[in-house]
Amino acid sequence: MEQFEWINQVKKIAQGIRKRTLEHTIKNGGGYLSQACSSAEILATLYTKVMNLGTVENPIKPKPFPGVPGAGNSRYFTGAEFHGARGKEYDRFFLSPAQYALVVYSALIETKRMAEDGLDYFNKDGYSVEMIGAEHSPGMEVTTGSLGQGISQAAGIAFARKRKGETGRIIVFLSDGELQIGQTWEALQAMAFHKLDNMILYIDVNGYQCDGKMTTVMNVEPIEKRLESFGLKALRIDGHNIEAIAQASESKPDGRPLAIVCDTNPTKDMEILCDRAPKFHYVRFANNEEKQKYILFSQDVALG
Amino acid sequence: MIIESKVHAKNLVAWAKEKKEVLVLSADLTSSTEIDTFRESYPERFLSMGIAEQNMLSFAGGLAREGFIPFVHTFAVFIYRRAYDQIAMSVSYPNLPVKMFGFLPGITTPGGVTHQAIEDISVMRSLPNMTILDCGDATDVESVLDVAYFANGPVYIRMLRGEIPRLFDKNEPMKLGVNRTLSQGSDLVILSCGICTEEAMRAIPLLQKKGLSIQHIHVSTLKPFSGKPILDLIARSKYGVITMENHSVTGGLGSIMAEEIAEAGLGKKLYKIGIHGYAHGANKAYLMKEYKIDAMALVEKIEEITKTSFNIQEEDLKKVYIEPVHTISKAEAL
């Protein structure tokens, strides 16, 4: 029975991520909503079942922007404190598409790492909870908004940690759109060449990007075959299946970096989004009428 | 003149021996950037990254975050042109100690337009946190390692390879923000950097014999730029200042000086010797003459400024013997 209990708990957190992101999108008049639909189970499973992170005693209240890093800035901090203390044995999480920041913030609140009112500071002038997060933003420790750079930076950190004998893993969350970028493949070949089997990539394959359906913009399939041919171990799973995500994550390191290709649905549990097809990247309400529809939807639906 | 060979190849191995946190990264130009001896000496500290500079720069940022000091080696163009966004976001913004060794600065390569780094100072100088160093001789090439290592944050170095003259005393290392005063005078201030300093050192003794009083300063720290002492000298000079660089006249030493003079409200004339437009593939001496950044170009510029003919020939310039000089007088620190 216990094994089903954890699944229910993860499910609840995934639902919480969707609900929180929807409510915020309504309040804000726009938001990265389809990203919450597609990645909720992946992030919920990572934060509750997969990642070995330091504990956070009390949910942390987001801080004001500390200024940019530099020799003269002693006030500077990164958003890694939301992942607890740093330690040799602890995993480190890297959000590569920083456009998913809102979803990660929601996940941090649902897992009691960020204060309940954390999203009140989202996009608020002078605060660290930015729309496209940077390294001072909750849950982030490198700057990844320029897509393709997150995986390379994480690979450098993975190489360094391996060299230092640290056992913690490097967990990278990627989007399928990033597979169109040359640097991503440069990073993948380097990860395989340097045998960084302390890295696990979770790729949210929701099949959509800013311009619309990916196969009409620039095809990246077959993803798992491409990854394998680059020297990674690639598994392809249903990205909404919590057990499958957890099970794939337990795959033993064999010298190859592990890529878990997660097929997902950008309108999962939010049928109302289907009207917007194929433009899911950012939801901005066209008028008050549309906003009212979303308000009604948020009140009516239990979200899964 | 003393010519040294493979200075960096030998020096890096000795210098890095006990510095276990220093990792050398190569993008398939290992012997071309003189790090093959390092690779053989410390294979575990040598990272082959392939022809993939964008990943190399972001990857280096990751290594630096974990306490390593990556020494990135490739041709200068493949650092700042190919991987600019990566340098900006993965290295410069987080102020990480990634040290970038850019070989073949300016027109020091017959490789042509694709291999000639003519706007690297201009581009890299726009990045906050970035320190920029330019090497002019063997002493600079040896001592730039300490300067780069101890400088806070990211450093971009215009590096020399192969046969390099020793212009400066071996015991007078490059220092951050400290210019080398090579001659003193009040008619004209000449600021040179990189390989142009040797050219200026050929022309200046002959011009001095003709009665000109010249203040010659070799600049190795282009950013942060130590302007104040130079501005005082320019203010006192009769004709103003000439900048001389193996770089575009846009954005390099000449532009730096223009900003300094304008901001100080100096009202003195600035003459820029540098590269106008793109170059093409040919040997270094030919290109320096063709693009007017050699000793003769300096003589001609000064003739123009002073409205005097000095009757100095190419042969006279070639015959000038340069021995390693002591830097004159007090250090012009930051």
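Everything numeric here is computed off the predicted structure, so don't read it as measured data.

(A) Focus on the overall build of chain B. The helix and strand inventory of chain B stands at 13 helices and 14 strands. Here chain B has a C-alpha radius of gyration of 19 Å; the compact-globule value for 334 residues is 20 Å, and the two agree. Referenced to the eigenvectors of the C-alpha coordinate spread, the extents of chain B come out at roughly 60 × 40 × 35 Å. Burial statistics for chain B: of 334 residues in total, 63% are counted as buried. A fraction of 80% describes how many contacts in chain B between residues 6 or more apart in sequence connect residues 24 or more apart. Accessible area of chain B: about 12,200 Å², with a carbon and sulfur share of 52%. Across chain B, the centroid of the 36 positively charged side chains sits 2 Å from that of the 39 negatively charged ones.

(B) Fine view of the pairing of strand E7 (residues 155-159) of chain B. Residue and element names in this part refer to chain B. Within E7, five of the five residues are buried, which leaves it mostly tucked inside the rest of the structure. Of the two faces of E7, the one holding Val 155, Ile 157 and Met 159 and the one holding Tyr 156 and Arg 158 are both buried throughout. The pairing of strand E5 (residues 99-103) with E7 spans five bridges and is classified as parallel. Directly across from Phe 101, in E7, lies its bridge partner Ile 157. Bridge count for strand E6 (residues 131-134) against E7 is four bridges, and the pairing is parallel. By the bridge assignment, Leu 133 is partnered in E7 with Ile 157.

(C) View of the packing of helix H1 (residues 7-16) of chain B against helix H7 (residues 138-150) of chain B. Residues and elements named next belong to chain B. Where H1 contacts H7, the two axes come as close as 9 Å, and the packing angle between them is 35°. Here H1 and H7 pass one another in a crossing that is right-handed. Contacts between H1 and H7 involve Val 7, His 8, Asn 11, Leu 12 and Trp 15 on the former and, on the latter, Ala 138, Val 141, Glu 142, Leu 145, Asp 146 and Tyr 149.

(D) Representation of the sheet that holds strand E13 (residues 241-248) of chain B in the model. Residue and element names in this part refer to chain B. Read from one edge to the other, the open sheet built from five strands follows the order E9-E11-E10-E13-E14, with strand pairing classed as mixed. If you trace the sheet from one side to the other, it starts and ends with strand E9 (180-183) and strand E14 (270-275), each paired once. Adjacent strand axes in the sheet meet at a mean angle of 20°, parallel and antiparallel pairs treated alike. Strand direction decides the pairing type here: E13 and E14, joined by five bridges, are parallel. Bridging across to E14, Val 241 finds its partner in Leu 270. Here helix H10 (residues 253-264) sits on the sheet and contacts strand E10 (188-192), E13 and E14; the angle it forms with E13, its principal contact strand, is near 140°.

(E) A look at the confidence of the model for chain B. The predicted model of chain B has a mean per-residue pLDDT of 96, with 98% of residues at 70 or higher. We note a pTM of 0.96 for the whole complex and an ipTM of 0.96 for its interfaces.

(F) Focus on the pattern of salt bridges. Summed over the entire model, instances satisfying the criterion amount to 37 salt bridges over all chains. Residue A:Arg256 pairs with A:Asp254 through a salt bridge whose shortest N-O separation is 2.7 Å. Counted as one network, the salt bridges with shared partners bring together A:Arg86, A:Arg92, A:Glu141, A:Arg161, A:Lys164, A:Glu166 and B:Glu66.

(G) Up close: the nonpolar core. Counting 153 residues, the largest nonpolar core has A:Met199, A:Leu201, A:Leu227 and B:Met100 as the members making the most contacts within it. Once residues within four sequence positions are removed from consideration, B:Met100 is found in contact with B:Leu57, B:Val72, B:Ile79, B:Ile87, B:Val91, B:Met124, B:Met130, B:Pro154, B:Val155, B:Tyr156 and B:Ile157. Counting residues in hydrophobic clusters, the runner-up holds 50 residues, among them A:Ile109, A:Met114, A:Ala246 and A:Cys262.

(H) Representation of H7(B). Residues and elements named next belong to chain B. The sharpest bend along H7 reaches about 35° and sits at Val 144. When you tally the buried positions in H7, you get eleven out of 13 residues, the bulk of the element. The complete set of buried residues in H7 reads Ala 138, Thr 139, Asp 140, Val 141, Glu 142, Ser 143, Val 144, Leu 145, Val 147, Ala 148 and Tyr 149. The N-cap residue of H7 is Asp 137: its side-chain oxygen and the backbone nitrogen of Thr 139 are 3.0 Å apart.

(I) Representation of the pairing of strand E7 (residues 233-238) of chain A in the model. Residue and element names in this part refer to chain A. Strand direction decides the pairing type here: E7 and strand E8 (residues 258-263), joined by six bridges, are parallel. If you follow Lys 233 over to E8, its bridge partner there is Leu 258. The parallel pair E7 and E8 is bridged by helix H8 (residues 242-249), and the resulting crossover is right-handed.

(J) Summary view of the packing of aromatic side chains. Counted under the stated rule, the structure contains 16 aromatic pairs over all chains. For the ring pair A:Phe285 and A:Tyr294, a centre distance of 5.0 Å and an interplane angle of 55° mean the geometry is tilted. Across this residue pair, the class does not change: A:Phe285 and A:Tyr294 are buried. Ring centres of B:Trp15 and B:Tyr149 lie 5.2 Å apart, and the angle between their planes is 90°; on these two criteria the pair is classed as edge-to-face. Pair noted here: B:Trp15 is in helix H1 and B:Tyr149 is in helix H7, with a separation of 134 residues, a long-range link. The burial state of B:Trp15 is the same as that of B:Tyr149; both residues are buried. Sitting over the face of the ring of A:Trp6, A:Lys49 holds its NZ or CZ atom 4.5 Å from the ring centroid.

Parameters at a glance
Residues numbered from 1 in each chain as written. Chains lettered and ligands numbered in written order. Predicted model: local features only at pLDDT ≥ 70, side-chain atom pairs only at ≥ 80, totals over all residues. Heavy atoms only, no water. Helix = DSSP H or I, 4+ residues; strand = E, 2+ residues; numbered from the N terminus. Rg over C-alpha atoms; globule rule 2.2 N^0.38 Å. Buried < 20%, exposed > 50% of the residue type's maximum accessible area, 1.4 Å probe, protein only. Contact = heavy atoms within 4.5 Å. Areas by Shrake-Rupley, 256 points an atom, 1.4 Å probe, with all protein chains shown as cover. Lys, Arg positive; Asp, Glu negative; His and termini not counted. Charge placed at Lys NZ, Arg CZ, Asp CG, Glu CD. Pairing = 2+ DSSP bridges. Axes fitted to C-alpha atoms, helices over the stretch in contact; angles between N-to-C directions. Left-handed = near helix turned anticlockwise from the far one by under 90°. pLDDT = per-residue confidence, 0-100. Salt bridge = Lys/Arg side-chain N within 4 Å of Asp/Glu carboxyl O. Core = buried A, V, L, I, M, F, W, Y, C linked by side-chain atoms within 4.5 Å. Bend = angle between axes of the 7 residues up to and from the residue. Polar contact = N/O pair within 3.5 Å; in protein donor to acceptor, adjacent residues only side chain to side chain. Right-handed = clockwise from strand over helix to strand, strands pointing away. Phe/Tyr/Trp six-rings, centres within 6.5 Å; stacked < 30°, edge-to-face > 60°. Lys NZ or Arg CZ within 6 Å of the ring centre and 35° of its normal.

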